[in-house]
Amino acid sequence: MASKNSRRRPSSAPNLTMPSEVSERIDEELKREAALLREQKRKEIQVLLLGQAESGKSTLQKQFQLLYAQQSLESERPSWRPAVYFNIIKAVRMILSELEYEFSARTEGNPYTTDEVVAEINRLRSALLPLVAIEDSLASEINGGVSIPGGRSGAFVRSGWQNLRPDNGQSVSEPRGFVKLPETANIAAKAISRSTVDITALWQHRTVQRFIEDKTIRLDESAAFFLTHVDRISEPGYLPTTDDILRVRLRTLGVIEHNFAVATGGKAYNWRLFDVGGARGQRQAWVPYFDDAVSIIFLAPISAFDQYLEEDAKVNRIDDSLQLFTMICQNKIFKDVHLVLMLNKTDLLKKKLAAGIRIRKYITSYSDRPNTYEAAASYFRSHFVHSHRKHSDANRSLYYHFTSMLDVKATQKIIVDVGESILQKHIKRVGLI
Ligand SMILES: Nc1nc2c(ncn2[C@@H]2O[C@H](COP(=O)(O)OP(=O)(O)OP(=O)(O)O)[C@@H](O)[C@H]2O)c(=O)[nH]1
Ligand SMILES: [Mg+2]
């Protein structure tokens, strides 16, 4: 009996029945495409690097690059020069503006803000003014002319930023490995070379050192390193060392994908690492990348107990990190994700504790626990582990590591270990496709 539908079809309607060999060919093609896609998925390992701003995500990505794509790091090395100059200029500007503020409210009898000190600093300020004036245009050159929504200033990186150099040609008279600097970076290089003595005098000034010690002046974490190495950096043929590259601070904007070909057990895998901007305003950009991730590496800087968010000065950075981690543990979309926690910046934590900074002053619940690295590391770890236990799917394990992202040897060992466990998870997962 004819169906209702076929009765309704007008007699002029085309006959959609295909010859069987055509339909078989299409079936074959579809199968081939599906098999190709499956094969591609089998080879592709997607990993998200998550964590608040300055937690060390981009530094971990650089360590992956150093381990699995040394060649590409070599070719990018010259691109980091403007960023190193930017880090130096920003630090000088921050020191000078903090000093200006402190001097405007100075009190009688303070040996660090006497008339003589003010006169010395003012002389340095005048000498360094042309250098500081370059900061914004250098940031804009590094950013490729794009500014951060919301008007926040500074330099950041986004996808493909290394190729934004307007001129990376090499002339025959220049030494091998030398790459022409973009215009403003070139001006910055010359200004730094001319100002090396004044930068060092400012940096080593007893008032500056004292204000840094008592946190009147707060600088980016790598500022001290670059200011101490300004002589080396101001040399004409300067090329950033690996240590310089690991220390450079540039904010990540949006999500940047990095690909690494890694051979394991005779098989080639394509690791797709997604490095995200960690500031609060950036976090909504993470969402589209959640679905296909086999693993999340979450970075929590445990040295940040005495620091507050740049986005919200009332929020302690460890609190923010823990809240963010809790949200990730709770999110059902991640219930089958391989979760790795890197309790990062342990070198800085040790340094702060050795300098006598007391955790209890910033985190009252730390109470009268010893102010030692072992006690602090275990305390912070237990908070993250507890949050995971409380909010995660019961079947999901948490793999954690204490890390210092500037230590190449130790970090690479961790990357290999973590990589193996992520690969196991991946194989388990694709086995089900
Ligand atoms: N001392 C020390 N510094 C670190 C460590 N990890 C990262 N840093 C430094 O901390 C700064 C911030 O690191 P990034 O990797 O840029 O931070 P991020 O998480 O990518 O930050 P956003 O891109 O803003 O989200 C850089 O200057 C790094 O050199 C660490 O373990 N120890
Ligand atoms: Mg980053």
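These numbers come from a predicted model, not from an experiment.

Conventions and cut-offs
Residues numbered from 1 in each chain as written. Chains lettered and ligands numbered in written order. Predicted model: local features only at pLDDT ≥ 70, side-chain atom pairs only at ≥ 80, totals over all residues. Heavy atoms only, no water. Buried < 20%, exposed > 50% of the residue type's maximum accessible area, 1.4 Å probe, protein only. Helix = DSSP H or I, 4+ residues; strand = E, 2+ residues; numbered from the N terminus. Pairing = 2+ DSSP bridges. Core = buried A, V, L, I, M, F, W, Y, C linked by side-chain atoms within 4.5 Å. Contact = heavy atoms within 4.5 Å. Axes fitted to C-alpha atoms, helices over the stretch in contact; angles between N-to-C directions. UniProt positions renumbered as here; feature names shortened; annotations may be inferred.

Okay, the pairing of strand S1 (residues 44-50) next. Regular strands place side chains that alternate from one sheet face to the opposite one. Across the seven residues of S1, seven count as buried, placing the element largely inside the fold. With six bridges connecting them, S1 and strand S5 (residues 267-276) associate as parallel partners. Across the sheet, the residue bridging to Glu44 is Asn270, located in S5. By the bridge criterion, four bridges tie S1 to strand S6 (residues 295-301) in an arrangement that is parallel. Within the sheet, the bridge partner assigned to Val47 lies in S6 and is Ser295.

Grouped together as the largest cluster of nonpolar side chains are 47 residues, with contacts concentrated most on Tyr85, Ile88, Val92, Leu99, Leu138, Ile199 and Leu202. Put simply, the parts of the chain that give this core at least two residues each are helix H5 (80-104), helix H6 (115-132), helix H7 (135-142), helix H8 (183-204), helix H9 (206-213), helix H10 (223-228) and helix H11 (230-233). Tallying contributions element by element places H5 first for this core, with 13 residues. Setting aside chain neighbours within four positions, we find Leu202 in contact with Val92, Ile95, Leu96, Leu99, Ile121, Leu124, Leu128 and Val208.

Moving on: the sheet that holds strand S4 (residues 255-264). Judged by pairing direction, the sheet is mixed, and its six strands sit side by side in the order S4-S5-S1-S6-S7-S8 without closing on themselves. On the outer flanks of this sheet lie S4 and strand S8 (398-402), each paired with one strand and no other. Averaged over all adjacent pairs, the angle separating strand axes in this sheet is 20°, with direction ignored. Two elements, S6 and strand S7 (residues 338-344), share seven bridges in a ladder whose sense is parallel. Within the sheet, the bridge partner assigned to Pro301 lies in S7 and is Asn344.

The UniProt record annotates "binding site: Mg(2+)" (unreviewed entry) at Ser58 and Thr252. In terms of the greatest pairwise C-alpha distance, the residues named above, spread along 195 residues, form a tight cluster of at most 7.6 Å across. With respect to the helices and strands, Ser58 occurs in helix H3 (residues 57-68). Excluding residues that lie within four positions of it along the chain, Ser58 makes contacts with Thr252 and Asp275. On the secondary structure map, Thr252 appears in strand S3 (residues 251-252). For Thr252, a relative accessible area of 10% corresponds to the buried category.

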